[in-house]
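Okay, here's what each chain looks like letter by letter:
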Amino acid sequence: MVPGRGRKWDRIRSREKMAGIKALVGLSFSGAIGLTFLMLGCALEQYGVYWPLFVLIFYFLSPIPSFIARRLGDDSDAASSACRELAYFFTTGIVVSAFGLPIILARVAVIQWGACGLVLAGNAVIFLTILGFFLVFGRGDDFSWEQW
């Protein structure tokens, strides 16, 4: 064994873990920003209606089809599978519903259009955060969400 080589690989592994931790902190920060937009759309004095908080249900439901597809799908490297495609379909329906709910609430005058805009901004940030989580931690390497 070459002297010093083990320390080099330890440093590389350490950097990879730090990159994963930095990604986790960044995703947490962006999730907090998205939830802040959602809460501003509900709690500002001129809005004061908490009906848009029902989009939280969509935030929790959106990753479930992907979890199920990864669990049930085979581990082949095929470009596509029926299970994965069905999961994409259900996830797309959940995301579209999350964007549609505040628009419908604003259209029937349950909430104001300003609150609708804040909730839509929060939706965009939260769903991009969820996508980022799957892109960063869904690789199946040493620092993946499957370990949690």
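Keep in mind the model is a prediction, meaning the values are calculated, not measured.

(A) Region of interest: helix 5 (residues 113-137). With 25 residues, helix 5 ought to run about 36 Å at 1.5 Å a step, and its terminal C-alpha atoms sit 36 Å apart, in line with that. Within helix 5, the full set of buried residues consists of A115, C116, L118, V119, G122, N123, I126, F127, T129, G132, F134 and F137.

(B) Examining the UniProt feature "transmembrane region" (unreviewed entry) in the protein more closely. Mapped onto this structure's residue numbering, the UniProt feature "transmembrane region" (unreviewed entry) falls at residues 21-41, 47-65, 86-105 and 111-137. A helix fraction of 47% and a strand fraction of 0% characterise residues 47-65, whose end C-alpha atoms lie 33 Å from each other. Summarising residues 111-137: 93% helix, 0% strand, and an end-to-end C-alpha distance of 36 Å.

(C) Main features of helix 3 (residues 64-72). Within the span of helix 3, buried status applies to P65, S66 and A69. The buried residues of helix 3 occupy one face: seen down the axis, they fall within an arc of 100 degrees. Its buried side turned inward, helix 3 meets helix 2 (55-61), helix 4 (82-107) and helix 5.

(D) Looking closely at the layout of surface pockets. Quantified by volume, the second largest pocket comes out at close to 360 Å³. Lining the second largest pocket we find 16 residues, and of these Y59, I126, T129, I130 and F133 sit closest to its centre. The leading source of residues in the lining of the second largest pocket is helix 1 (residues 5-43), at six residues. Looking at the lining of the second largest pocket residue by residue, the classes come out as 13 nonpolar, three polar and no charged.

Calculation criteria
Along each chain, residue indices are assigned from 1 in the same order as the chain's sequence is written. With the structure being a predicted model, the display of local features is reserved for residues of pLDDT at least 70 and the display and counting of side-chain atom pairs for 80 or more, all residues being used for whole-chain, interface and lining totals. By convention in this description, side-chain values take in all heavy atoms of the structure and omit both hydrogens and water. Numbering of helices and strands runs from the N terminus; a helix is a DSSP stretch of H or I covering at least four residues, while a strand is a stretch of E covering at least two. Helices are assigned an expected span. That span is 1.5 Å times one less than the residue count. Partly exposed describes any residue whose relative accessible area lies between the buried limit of under 20% and the exposed limit of over 50%, with all areas from a 1.4 Å probe on protein chains only and scaled to the type maximum. UniProt positions are given in the numbering used here, feature names are shortened, and annotations may be inferred rather than shown by experiment. Relevant arc is that of directions from the helix axis to the C-beta atoms, nothing else. Contacts are residue-level and defined by heavy atoms, with any inter-residue pair within 4.5 Å sufficient. A cavity here means a set of points on a 1 Å grid, drawn over the protein atoms and nothing else, where a 1.4 Å probe fits but cannot get out; a pocket is an open set with protein on both sides within 12 Å along at least five of seven lines, and a residue lines either one if it has an atom within 4 Å of a point. Grid points are joined across faces, edges and corners, and a volume is the space filled by probe spheres set on the points. For this classification, Asp, Glu, Lys and Arg are treated as charged, while Ala, Val, Leu, Ile, Met, Phe, Trp, Tyr, Cys and Pro are nonpolar and the rest, including Gly, are polar.

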